[in-house]
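# Survey of secondary and tertiary structure
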Amino acid sequence: MLYSSEIQLLSVQPHWQAVTHPVLAANAVQLWLCGLQSTVAGVSGNKILKLNYPLQSALQQGYAGIVTFGGAFSNHLCAVAASCQQLGLRSIAYVRTEQLDLNNPTLAFCHARGMQLIATDRQHYRLRHQPDYLLQLQQRHPGFLLVPEGGSSADGARGVTQLALEQTPAGKADLLITATASGGTLAGLINRRQSAVLGIAVVKDASLSAKVQQLLTAPQTPPWQLNTDFCGAGYARFSPALLQFCRELASQGIYTEPVYTGKALAGVIELVRAGRIVAGSRLSFFHTGGLQGLDGLLYRRLITAADHALLSGSAAG
Ligand SMILES: Cc1ncc(COP(=O)(O)O)c(C=O)c1O
């Protein structure tokens, strides 16, 4: 079981896959993908790690539940809704949307798990990091633990620190890589202080590097970098070429979506092609999960049903 009485989320075993690609072969680069899947639907990848300590605190300190924030197709909201339901906690989400659409598969999933969804216009959603606003929310929801968007708090990053991403099946990685949006995952990998770390930004956010730095715990970090070259037209925007790349990954049994993992992996290939990742390196990439996002892409007709089946792996076997 995923959650024992001590909530040993980390007993989840990493699942490793080697990625093959002509550019990797031409540069003698090994690329290992590390995935994490819990037994609870909707809780995968970095969510397992980022929510570990907040959930523990909520249970141990007798909170009624968790209040958090996210977009209408957020992986984080699914993970909070599912893990809270599993643990007998309540969950409340401020959702960045003018109107709640319960036909949206992400919101339907959260609603079915008892999450209270509160439509929040852009003007209010923008206040989500402001201390005054957070104080107001805390007063509005007494007894609830506030967890920031994406779970990227100090506790969230601390959970990520537990992942031995550097230990690939072929030996220690030279470089750890992750898709980066709110920054907690990248900060956690840096705070582990095992190998150099590269975050590939999948959002356009000029403050992202500062957000990561705020979550760093030690003055001495391994070398790390936030690359902002591969965001394309913006968060959740993707080109036909990127979708084709995800299809090619799926044909080797590697299931990704083009918003986070697919986008960042395509960036890795480009960095290797350009010689900006050294030939002969061993790379370890964190598959941060989030395949539920494919349901939202299908719902908005941004991908076809055939692509949904292919990329999610449901067409396999
Ligand atoms: C699937 C997926 N990958 C990567 C990320 C980025 O992680 P972070 O927000 O910690 O930078 C997220 C957001 O949490 C995500 O949902």
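Residues numbered from 1 in each chain as written. Predicted model: local features only at pLDDT ≥ 70, side-chain atom pairs only at ≥ 80, totals over all residues. Heavy atoms only, no water.

- Going by what an unreviewed UniProt entry lists, the protein chain is known as 1-aminocyclopropane-1-carboxylate deaminase and is assigned to Rheinheimera nanhaiensis E407-8.
- Recorded under Sequence similarities (unreviewed entry), the UniProt text for the protein chain is reproduced unchanged: "Belongs to the ACC deaminase/D-cysteine desulfhydrase family." (UniProt positions renumbered as here; feature names shortened; annotations may be inferred.)

### Concerning the site of the ligand
- Taken together, 16 residues are adjacent to the ligand, and Lys 50, Ala 181, Ser 182, Thr 185 and Thr 288 come closest.
- Contact between the ligand and Ser 182: an oxygen atom at 2.5 Å from a side-chain N or O atom of the residue.
- Gly 184 is positioned with one of its backbone polar atoms (N or O) 3.3 Å from an oxygen atom of the ligand.
- Protein contact buries 97% of the 380 Å² of open area that the ligand shows by itself.
- Those elements giving two or more residues to the shell around the ligand turn out to be helix H2 (46–50), strand E9 (175–180) and helix H9 (184–192).
- For the shell around the ligand, the element with the highest residue contribution is H2, accounting for 3 residues.
- Residue classes in the shell around the ligand are distributed as 3 nonpolar, 11 polar and 2 charged. (Near = heavy atom within 4 Å. Polar contact = N/O pair within 3.5 Å; in protein donor to acceptor, adjacent residues only side chain to side chain. Areas by Shrake-Rupley, 256 points an atom, 1.4 Å probe, with all protein chains shown as cover. Helix = DSSP H or I, 4+ residues; strand = E, 2+ residues; numbered from the N terminus. Nonpolar A, V, L, I, M, F, W, Y, C, P; charged D, E, K, R; others polar.)

### Points about the pattern of salt bridges
- Enumeration according to the criterion identifies 7 salt bridges in this entry.
- Put simply, Glu 149 and Arg 128 hold a salt bridge, and the shortest N to O gap is 3.1 Å. Note that Glu 149 is positioned in the loop between strand E6 (144–146) and helix H8 (154–160) and Arg 128 in the loop between helix H6 (122–125) and helix H7 (131–140), a separation of 21 residues in sequence. Arg 128 shares its class with Glu 149; the two are buried.
- Between Glu 166 and Arg 192 there is a salt bridge; the shortest N-O distance is 2.8 Å. With Glu 166 in the loop between H8 and strand E7 (167–168) and Arg 192 in helix H9, this residue pair connects regions lying 26 residues apart in the sequence.
- The exposure class of Glu 166 is buried, given its relative accessible area of 2%. (Salt bridge = Lys/Arg side-chain N within 4 Å of Asp/Glu carboxyl O. Buried < 20%, exposed > 50% of the residue type's maximum accessible area, 1.4 Å probe, protein only.)

### Digging into the packing of helix H11 (residues 240–251) against helix H12 (residues 261–273)
- At their nearest, the axes of H11 and H12 sit 10 Å apart, and the two run at 90° to each other. In terms of orientation, H11 and H12 fall into the roughly perpendicular class. For the pair H11 and H12, the contacting residues are Leu 242, Phe 245, Cys 246 and Leu 249 in the first and Gly 262, Lys 263, Leu 265, Ala 266 and Ile 269 in the second.
- For the contact of H11 with H12, the class distribution of residues is 7 nonpolar, 1 polar and 1 charged. (Axes fitted to C-alpha atoms, helices over the stretch in contact; angles between N-to-C directions. Parallel < 35°, antiparallel > 145°, perpendicular 65-115°, else oblique. Contact = heavy atoms within 4.5 Å.)

### Quick look at the UniProt feature "active site" (unreviewed entry) in the protein chain
- Under the present numbering, the feature "active site" (unreviewed entry) in UniProt falls on Ser 74.
- In this structure, Ser 74 sits in the loop between strand E3 (65–71) and helix H4 (75–87).
- For Ser 74, a relative accessible area of 12% translates into the label buried.
- Excluding its chain neighbours within four sequence positions, the residues that come into contact with Ser 74 are Thr 106 and Gln 292.
- A distance of 3.1 Å separates the side chain of Ser 74 from the backbone nitrogen of His 76, its partner in a polar contact.

### Focus: the environment of Gln 61
- Positionally, Gln 61 belongs in the loop between helix H3 (52–60) and E3.
- A residue is classified by how much of its surface remains accessible, and Gln 61, at 55% relative accessible area, is exposed.

### Section: the confidence of the model for the protein chain
- Averaged over every residue, the pLDDT of the protein chain is 94; residues scoring 70 or more account for 96%.
- Taken as a whole, residues 1–7 scores under 50 in pLDDT and shows 20 contacts with residues more than four places along the chain or in a different chain. (pLDDT = per-residue confidence, 0-100.)

### Remarks on helix H5 (residues 105–112)
- Considered for burial, the residues of H5 that qualify are Thr 106, Leu 107, Phe 109 and Cys 110. One face of H5 carries all of its buried residues, which in axial projection span an arc of 155°.
- Looking at the buried side of H5, the elements it contacts are H4, strand E4 (90–96) and strand E5 (116–120).
- The N-cap residue of H5 is Asn 104: its side-chain oxygen and the backbone nitrogen of Thr 106 are 2.7 Å apart. (Arc of directions from axis to C-beta.)

### Quick look at the sheet that holds strand E2 (residues 30–35)
- Pairing is mixed in the open sheet, where 6 strands are placed in the order E1-E2-E12-E9-E10-E11. Of all the strands in the sheet, just strand E1 (15–19) and strand E11 (224–227) have a single pairing partner and so form its edges. The mean inter-strand angle of the sheet, taken between neighbouring strand axes irrespective of direction, is 25°.
- The pairing of E2 with strand E12 (residues 282–287) spans 6 bridges and is parallel. Paired with Gln 30 across the bridge in E12 is Arg 282.
- In the packing of H9 onto the sheet, contacts are made with E9, strand E10 (196–201), E11 and E12, and the angle to E10 comes to roughly 175°. (Pairing = 2+ DSSP bridges.)

### Observations regarding the pairing of E3
- Taken across its 7 residues, E3 has 7 buried, putting it largely inside the fold.
- Bridge count between E3 and E4: 7 bridges; the pairing is parallel. By the bridge assignment for E4, Ile 66 is matched with Ser 91.
- Read from E3 through H4 to E4, the crossover connection turns out right-handed.
- Sheet topology note: the E3/E6 ladder contains 3 bridges and is parallel. Bridging from a neighbouring strand, Ile 66 pairs with Leu 145 of E6. (Right-handed = clockwise from strand over helix to strand, strands pointing away.)

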